[in-house]
Structure formats: C-alpha cells, structure tokens
Amino acid sequence: MELYEAINKRRTMRQFLETEVDFEVIKRINRNNQSVELSQGKTNG
C-alpha cells in the first residue's frame, strides 16, 4: 500500500491547536486511557 493511500484511508484525523492545554487535562486523559487499556486486558509489561 502506498504511503499516501494509507494516509488517506486513516479514520482519525488530528487537529493541532496553538493554544496551551492545562496539564491537569492531560493527566486526566492519560488516566482515562490507562483504565481503558486495563479493561481490555492490556498491561504495561
């Protein structure tokens, strides 16, 4: 698969903003991602 074809088939897109994000928000998102991974049986080891 060509690189551009793979990029075009992506189902998610990221939009980066030039505003700062509060670090507490980043920590909350990280905690939520970790709990999802644990519920799916994924571990860090």
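The model shown is predicted, which means the values in this text are computed figures rather than measured ones.

Asker: Can you walk me through the overall build of the protein in this structure?
Answerer: When its secondary structure is counted, the protein shows 2 helices and 0 strands. Of the roughly 5,100 Å² of accessible surface on the protein, a fraction of 51% belongs to carbon and sulfur atoms.

Asker: Explain a nonpolar patch on the surface to me, please; I cannot follow it from the model alone.
Answerer: A contiguous nonpolar patch, built from Leu3, Tyr4 and Ile7 and spanning about 370 Å² of accessible area, is present on the exposed surface. Locating Ile7 in the fold gives a position in helix α1 (residues 3-9).

Asker: Explain the pattern of salt bridges to me, please; I cannot follow it from the model alone.
Answerer: Think of it this way: side chains of opposite charge can pair up when their charged atoms draw near. Inspection of the entire model under this criterion finds 2 salt bridges. Among the ionic pairs, Lys27 bridges to Glu24, the shortest N-O distance being 3.0 Å. Placement of both Lys27 and Glu24 in helix α2 (residues 23-39) is noted, with a separation of 3 residues, approximately one turn of the helix. Taking relative accessible area as the criterion, Lys27 reaches 33% and is therefore assigned partly exposed. With relative accessibility at 45%, the residue Glu24 sits in the partly exposed group.

Quick notes on the rules
- Residues numbered from 1 in each chain as written.
- Predicted model: local features only at pLDDT ≥ 70, side-chain atom pairs only at ≥ 80, totals over all residues.
- Heavy atoms only, no water.
- Helix = DSSP H or I, 4+ residues; strand = E, 2+ residues; numbered from the N terminus.
- Areas by Shrake-Rupley, 256 points an atom, 1.4 Å probe, with all protein chains shown as cover.
- Patch = residues over 30% accessible without salt bridge, like charges linked within 9 Å, V, L, I, M, F, W, Y side chains within 5 Å.
- Salt bridge = Lys/Arg side-chain N within 4 Å of Asp/Glu carboxyl O.
- Buried < 20%, exposed > 50% of the residue type's maximum accessible area, 1.4 Å probe, protein only.

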